[in-house]
Each structure stands twice: as C-alpha cells, then as structure tokens.
Amino acid sequence: MMTERLKFVFAQFEHEAEFDSYKELASGHINDTYLIKTKHKPYYVLQRINHGVFKDVPGLIENKMMISNHIKEKLSHLSPKKQNRRILRFYTTKTGDSYYRGDEGNYWNLMHFIDKSVTHESVSNTDIAYEGGRLLGQFLTLTSDFEASKLTEVIPKFHDMSFRYWEFEEAKRLATKERLETAKSYITLVENAKEEMHILQNLKESGDIKVRVTHNDTKISNVLFNKHDKGLCLIDTDTVMPGIVHYDFGDAIRTICNTAAEDERNLDLVEFNMEYYNAFTKGFLKKMKSALSPTELKYLPLGAKTMIFIIGLRFLTDYLNNDIYFKTKYPEHNLDRAKNQFKLLQSLSEKLGV
Ligand code: GN1
Ligand code: MG
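Quantities reported herein were computed from a predicted structural model and do not represent experimental measurements.

Outline the site of ligand 1, listing residues and values.
In the vicinity of ligand 1, the contacting residues are Gly-28, His-29, Ile-30, Val-53, Asp-217, Lys-219, Asp-236, Thr-239, Glu-262 and Ile-311. Split into classes, the residues belonging to the shell around ligand 1 amount to 3 nonpolar, 3 polar and 4 charged. Here the shell around ligand 1 spans two domains, and each of domain 1 (2-115) and domain 2 (126-352) adds at least three residues to it.

Please provide a residue-by-residue account of the domain arrangement of the protein chain, values included.
Entries for the protein chain in the domain assignment read domain 1 (2-115) and domain 2 (126-352). The centre of domain 1, based on its C-alpha atoms, is set 26 Å off from the matching centre of domain 2. Residue-level contacts link 19 residues of domain 1 with 18 residues of domain 2. At the level of elements, α2 (57-74) and α3 (80-86) are the ones that each hand at least two residues to the side of domain 1 that touches domain 2. Here the residues of the side of domain 1 that touches domain 2 are counted per class, giving 8 nonpolar, 5 polar and 6 charged.

Which residues make up the environment of Asp-103, and what values do they have?
One can find Asp-103 in the loop between β5 (100-101) and β6 (107-112). You can call Asp-103 exposed: it has 5 C-beta atoms within 10 Å. Each C-alpha atom of the pair Asp-103 and Val-270 lies 44 Å from the other, and the pair is 167 residues apart in sequence.

Give me the sheet that holds strand β9 (residues 223-226): which residues, what numbers.
Pairing within the open sheet is antiparallel, and its 3 strands lie in the order β7-β9-β10. The strands lining the two open edges of the sheet, one partner per strand, are β7 (117-118) and β10 (231-234). Relative to β9, β7 runs antiparallel, the two being bridged by 2 bridges. Residue Ser-117 lies in a different strand from β9, and its bridge partner there is Asn-226. Set on the sheet, helix α4 (residues 126-142) makes contact with β9 and β10; between it and β10 the angle comes to about 50°.

Quick rundown of the pairing of strand β2 (residues 32-38)? Include the residues and the values.
A regular strand places its side chains on the two faces of the sheet in alternate fashion. When strand β1 (residues 19-24) meets β2, the two strands line up antiparallel, connected through 5 bridges. Within β2, the position partnered with Ser-21 by the bridge is Lys-37. Both β2 and strand β3 (residues 44-49) contribute to a ladder of 5 bridges, which runs antiparallel. Across the sheet, the residue bridging to Tyr-34 is Leu-46, located in β3. Connecting β2 to the antiparallel partner β3 that follows it, the hairpin turn spans 5 residues.

Provide a residue-level description of the packing of helix α9 (residues 245-256) against helix α10 (residues 274-288), including the pertinent values.
Where α9 contacts α10, the two axes come as close as 10 Å, and the packing angle between them is 145°. Relative to α10, the crossing made by α9 is right-handed. Contact residues: α9 offers Phe-249, Ala-252, Ile-253 and Ile-256, while α10 offers Tyr-276, Tyr-277, Phe-280 and Phe-284. Grouping the amino acids of the contact of α9 with α10 by side-chain chemistry returns 8 nonpolar, no polar and no charged.

How each quantity is defined
Here the residue numbers are simple positions, counted from 1 along each chain's written sequence. Here the convention is simple: chains get letters from A, ligands get numbers from 1, in the order in which they are written. Selection of residues for local features in this predicted model requires a pLDDT of at least 70, selection of side-chain atom pairs for listing and counting requires 80 or more, and totals for whole chains, interfaces and linings are taken over all residues. Being near a molecule or strand means, for a residue, that its backbone-placed C-beta atom lies within 6 Å of it. Residues are grouped as follows: nonpolar covers Ala, Val, Leu, Ile, Met, Phe, Trp, Tyr, Cys and Pro; charged covers Asp, Glu, Lys and Arg; every other residue, Gly included, is treated as polar. What fixes the domain bounds is an automatic or database domain assignment. We call two residues in contact when the distance between their C-beta atoms, placed using the backbone, is within 7 Å. Secondary structure elements are taken from DSSP: a helix is a run of H or I of four residues or more, a strand is a run of E of two residues or more, and numbering for both begins at the N terminus. Counting other C-beta atoms within 10 Å of its own, a residue is labelled buried from 20 upward, exposed at 12 or fewer, and partly exposed in the gap between, with every C-beta atom placed from the backbone. Should DSSP find at least two bridges between two strands, the strands are taken to pair. Throughout, an axis means a line fitted to C-alpha atoms (over the contacting stretch in the case of helices), and angles, computed between N-to-C directions, take values from 0 to 180 degrees. Here a crossing is called left-handed whenever its near helix is offset anticlockwise from the far helix by less than a right angle, and right-handed whenever the offset is clockwise.

This is the structure:
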C-alpha cells in the first residue's frame, strides 16, 4: 500500500514529525513527488528519483544541496522566517545520508514544504510572468559566483542540440512505420531546422557565450509563489548543471508564454503571448541585465526559440521511441506535446521575428 510505503520511507529521515497523510504532486514527467502532511506543520515533500533517467542520484542530490547551501550563504542577511520561504532545505536520513535507498533500489529525497505557497501550471496575468522572470534572474544572480564545474552533469548533454539530433536519428531508424507516418511532417520540420538550431551551441563551444550555473527546468510550475503571487524561489533543482543563460530563459518562456497547456491538443488555443514575454523579460532583466554580455543579450529571443524547439524535438523522439522517457497518459501523448511545441514555435517566430 502506498500510504504504508511512504510512511515507512518518511520515517527513515531525521525529523520529529509524525506522518498523517499524503497527496501526490503529479505535474512532473520523470520523478514521483508527494506532499507529506504531518499531524503538526511543517509539511514535507518526499520525492522518488527516477534512477533510470538520472544515473548518478547521489551526484544529483549533492548538486541540490550545494546550490541550496550557496544560496543560503548569499541570503544569510534575511530573517530566519524569510530564509525558510526562499531557500530549499533538504533532510538527511537517520543514518546521516543525504538520500534513502530502499530495498527495491529506489532513491528517496526529503525536503521541507514551504508553507502557504502555490505553483501555477500556466500563467494567467502579467504579474505572474514578471515574477517568474524576476525569480529566474535572481536564481542566476545568486548562483553566478558558484563554480559551475563543481556540479555533476546529472544528465550529460541535456540541452546539447547535436546529441538531441543524434537521438532523433536513432529513434527514426528504429521507429515503427505507423509512428514514422503519423509524425511525418514534424520529422521534416526538425530536419529543416538543424542549422539554425545549432547557432547557440556553436557560440557556447567557441566560448562566445559563457558557461554558468543553470537550473535547466525553468517551467512556470517550478516557480513557487506566495498566496499573493509574489515569487518566493525556484524549486526542482534536480537538473542544476553547467549551461548557458539561454537554456533557462528559453525554457521559462516556453511555458510562461504559451496560452495553453504543454499538451493541449487544440492547436488553435496555442499562441505565443507577447504581453507575457515582455513582462517576463522585464522581470528577468531587472535582475540580470548588468550580468549579461552584449552577445548573451542579443541572443535571448533565439534562446526562446531554441528551447521550445529542443523540447519539441525530445517529445517527438520519445514518440518515435514508443514513449520510453516521459510519462504518458495515452498513445499519442508525446506526439501531441511535440505538435503543441512546434505550433508555439511558429507563433513565437511570427511575433518575435526570429
Ligand atoms: C521533464 O519531470 P519534469 O516535469 O520536472 C524534463 C524537462 C522537460 C519537462 C517538460 C529530467 O521535467 O526537461 O522540459 O519534463 N526533465 C527531464 O515538461 O528530462
Ligand atoms: Mg524537473
């Protein structure tokens, strides 16, 4: 029984709390995340990390902890109450480890739940978009003096375009006739975009764009707000790794500026929202502008285009692979997600002129 299992795992960690009930937080596609309600607050977030996807879970947890500790030092001037709401806090197990490993090989990680906080699956007004930008800018500023090379690359080549194209070619080679046929026009779209979609990677490799600490999963549902929609902090630091600013800027735009959910099937509802783009960018640049080089600044819009594309490409590849990576709810789910991202990309191109 799930309750018994979660209760047992929760009890392996170092705290005084008593398990009361749980609720699955089901918005992720990779890990399983549960809100653990206790008899007395605080509540906790217990996460089972997918070690099929993340090959080095201890490295991943070490990354999360190092980044949190770094932010904690930077925010040490804030009151303990404020720190509690702005910094993710992880628990060790009763045996002093940073994760619990169950008999069946699963890895578990526990953090505190920031009370009276909310997340948004999509954006409903410009204030939320602005706050999303401000918080991302803040995260990148706070971590800018952390030596990126100390971080484990939890998913090697995560946003590497050549690697994603290679995976796509492999998937095409092994895909069923049916899936190749249903995905045909999107396969052509991907093939035609290859050169443009490598521009940022080339600039990174030539050293024209610098490598820094990046979050790598900056969708709006990973931004935590208080009840009045003021931004608190970024959550889900599983994929914190060395990267370029465009990864995080673009990946955030991908969900913030989509007028529909990532898997909305009615593509007429999927549009790129310019108002949200402007609000997000304003919040982001408020924190980041002075830290960005002219080249970094110039390529932000292409960053948005490239990141929408790369996730579209990954959804399409997973569809061709018969859905082995992202959790899906029905057979065409990954293809629908890819179609959605490519529609968003088209709308962005028209509106931003990139
Ligand atoms: C995955 O599981 P979740 O929602 O945190 C994926 C991201 C994608 C996202 C698409 C490790 O994130 O890269 O942008 O789905 N994470 C991994 O919604 O692949
Ligand atoms: Mg994530």
